[in-house]
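Remarks on the overall topology
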Amino acid sequence: MLKIPGYMDGPLVQGSAYLDDPLFWPVHLGTSLRGEDAQRAAFGADRDAAMELCRALSAERAWPVFSVPLCSGHTIHVIYRNIEGEHGVDYLVHHPAWPAAETVAVDDGHFMGPGMAWPELLSAARQPATRGIDDPDARLLLLFPTLGDALLPDDASVALTAALAALTVIEEPAEVAGMLLEKQGQWAPAHWRRADGVWINDGGHSYRNPGNAFALPRGRLREISNALNCGGATAHRTSG
C-alpha cells in the first residue's frame, strides 16, 4: 500500500490505470457537471457504464491515488477517500522536506476550496515531469475540480476543450467545457491576488485565504504558491 506523510492510514493504491478509460474523466469531473443537461452532455449513452466505474472508484477496499509532480519537487496527490459515509476526493500537496502533506482542496459534501486559480491550474498541468502523471491534458482534467476563479481568461475554454477532446468520447467537448467553467468547483468562484509575493484568494472555504481561521500557515502558502506558479504564471493578476 502507498503511504503519504500525514495522511490517514487508508488502503492507498496507484490509480493510474483508470486514466486510460475515457469515462473516468466525466466521472472525476462529476461535481462540476451539475444538472441533467450537463450530465447528459458528458455521459450520453454511457451513463450506466459511468455509474459502474464510479462504484469501482469508490470501493472501500482500495483508495485510488493519482500523483502530479511539479518542477519544484512538490507533488500534488489526488486521493479518492473511500470511507463509508464520508466518500470524497482530497487534493494534497507534499514535498519530501515536509513532515506531512497539506490539503489544498476537498471535493465532497463538506467541500473545502478553491485550491487553485486558472493560471495555476494551467501551469501545474503544463510543467514537465519525468515521473507520475506527465500528460498535460490528463493533469489539467485531474486537477480541474480544485478550480475556483472569478476572472477566467477568454481562452480558458480552448485548453479545456482540447483536453476533453483528447481524452474523452464526449460528443461536444466545447459545450461541456463551457459548462465546467461556468460551474467550476462546489464553492463560489474566488478572486485571487498577490500579497507580499503570495497568491491568495477571498474564498470563505479556502485554505489559501489567510483570512480564514483554518488557512494554511504563511510559509506553506508561499511555498505552494511558488510551486504552482512556476515561471510566474499569474504575473498578469493584480497584486495587493
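Numbering of residues starts from 1 in every chain and runs along the sequence as written. Local features in this predicted model are restricted to residues of pLDDT 70 or higher, and side-chain atom pairs are both shown and tallied only at a pLDDT of 80 or more, whereas totals for entire chains, interfaces and linings draw on every residue. Only hydrogens and water are removed before side-chain values are computed, so all heavy atoms of the structure are retained for them.

So, on to the overall build of the protein. The number of helices and strands found in the protein is 8 helices and 7 strands. Compactness check: the protein gives a C-alpha radius of gyration of 17 Å against a globular reference of 18 Å for 240 residues, within 12% of the reference. Projected onto the principal axes, the alpha-carbon positions of the protein cover approximately 50 × 40 × 35 Å. Partly exposed residues are those whose accessible area sits between 20% and 50% of the maximum for their type, while under 20% is buried and over 50% is exposed, using a 1.4 Å probe and protein chains only. Relative to its full complement of 240 residues, the protein shows a buried share of 52%. Any pair of residues with heavy atoms lying within 4.5 Å of one another is described as a contacting pair. Restricting the contact set of the protein to residue pairs at least 6 apart, pairs at least 24 apart contribute 61%. All accessibility values rest on the Shrake-Rupley procedure with a 1.4 Å probe; residue burial counts only the protein chains present in the view. Of the roughly 10600 Å² of accessible surface on the protein, 52% is carried by carbon and sulfur atoms. Just so you know, the count uses Lys and Arg for positive and Asp and Glu for negative, and it drops His and the chain ends. Note that the charge is assigned to NZ on lysines, CZ on arginines, CG on aspartates and CD on glutamates. In the protein, 18 positive and 29 negative side-chain charges are present, and the distance between their average locations comes to 8 Å. Runs of H or I in DSSP of at least four residues are treated as helices and runs of E of at least two as strands, each being numbered from the N terminus. For a compact globule the rule gives 2.2 Å times the number of residues to the power 0.38, and the radius of gyration it is set against comes from C-alpha atoms.

Attention shifts here to the pattern of salt bridges. Any Lys or Arg side-chain nitrogen found within 4 Å of a carboxyl oxygen on Asp or Glu counts as a salt bridge. Within this structure, the stated rule accounts for 8 salt bridges. Measuring nitrogen to oxygen at the nearest pair gives 2.8 Å for the salt bridge that ties R81 to D90. Of the two residues, R81 and D90, neither departs from the other in class, the shared state being buried. Here R81 ties to D108 by a salt bridge, and the two come within 2.9 Å at their closest N and O atoms. Here the residue R81 occupies a position in strand β3 (residues 75-81), and D108 occupies one in the loop between β5 (102-107) and α4 (118-126), the gap between them amounting to 27 residues. Assessed through its relative accessible area of 13%, D108 is described here as buried.

The omega torsion of the bond from G113 to P114 falls at 10°, within 30 degrees of zero and hence cis. Along the chain, the position of P114 falls in the loop between β5 and α4. The phi dihedral of Q184 is positive, around 55°, even though this residue is not glycine. Within the secondary structure, Q184 sits in the loop between α7 (173-183) and β6 (192-195). Backbone geometry at D196 places phi at a positive 55°, although glycine is not the residue there.

Another point: the pairing of strand β7 (residues 198-201). Looking along a regular strand, one sees the side chains alternate between the two faces of the sheet. Where burial is concerned, the two faces of β7 agree: the one with V198 and I200 and the one with W199 and N201 are both buried. DSSP bridges decide pairing: two strands pair if at least two such bridges lie between them. Sheet topology places β6 next to β7; 4 bridges connect them, and they run antiparallel. For R193, the partnering residue across the bridge sits in β7 and is I200. Between β6 and the antiparallel strand that follows it, β7, lie 2 residues; D196 among them carries a positive phi value of about 55°.

This part covers the packing of aromatic side chains. Side-chain rings of Phe, Tyr and Trp (the six-membered ring for Trp) are treated as a pair once their centres are within 6.5 Å; stacked means planes under 30 degrees apart, edge-to-face means over 60, and tilted covers the remaining angles. Overall, the coordinates contain 6 aromatic pairs when judged by the stated rule. Residues Y207 and F214 carry aromatic rings whose centres are separated by 5.8 Å and whose planes lie at 80° to one another, so their mutual orientation is edge-to-face. For Y207, a relative accessible area of 17% translates into the label buried. Through a chain of ring-to-ring contacts, three or more aromatic side chains come together here, namely Y18, F24, W25, F66 and Y80. Working rule: Lys NZ or Arg CZ, within 6 Å of ring centre, within 35 degrees of ring normal, means a charge sits over the ring. If you follow R220 out to its NZ or CZ, it ends over the ring of W98, 4.1 Å from the centre.

Take it as geometry only, folks, not as evidence of what the structure does.
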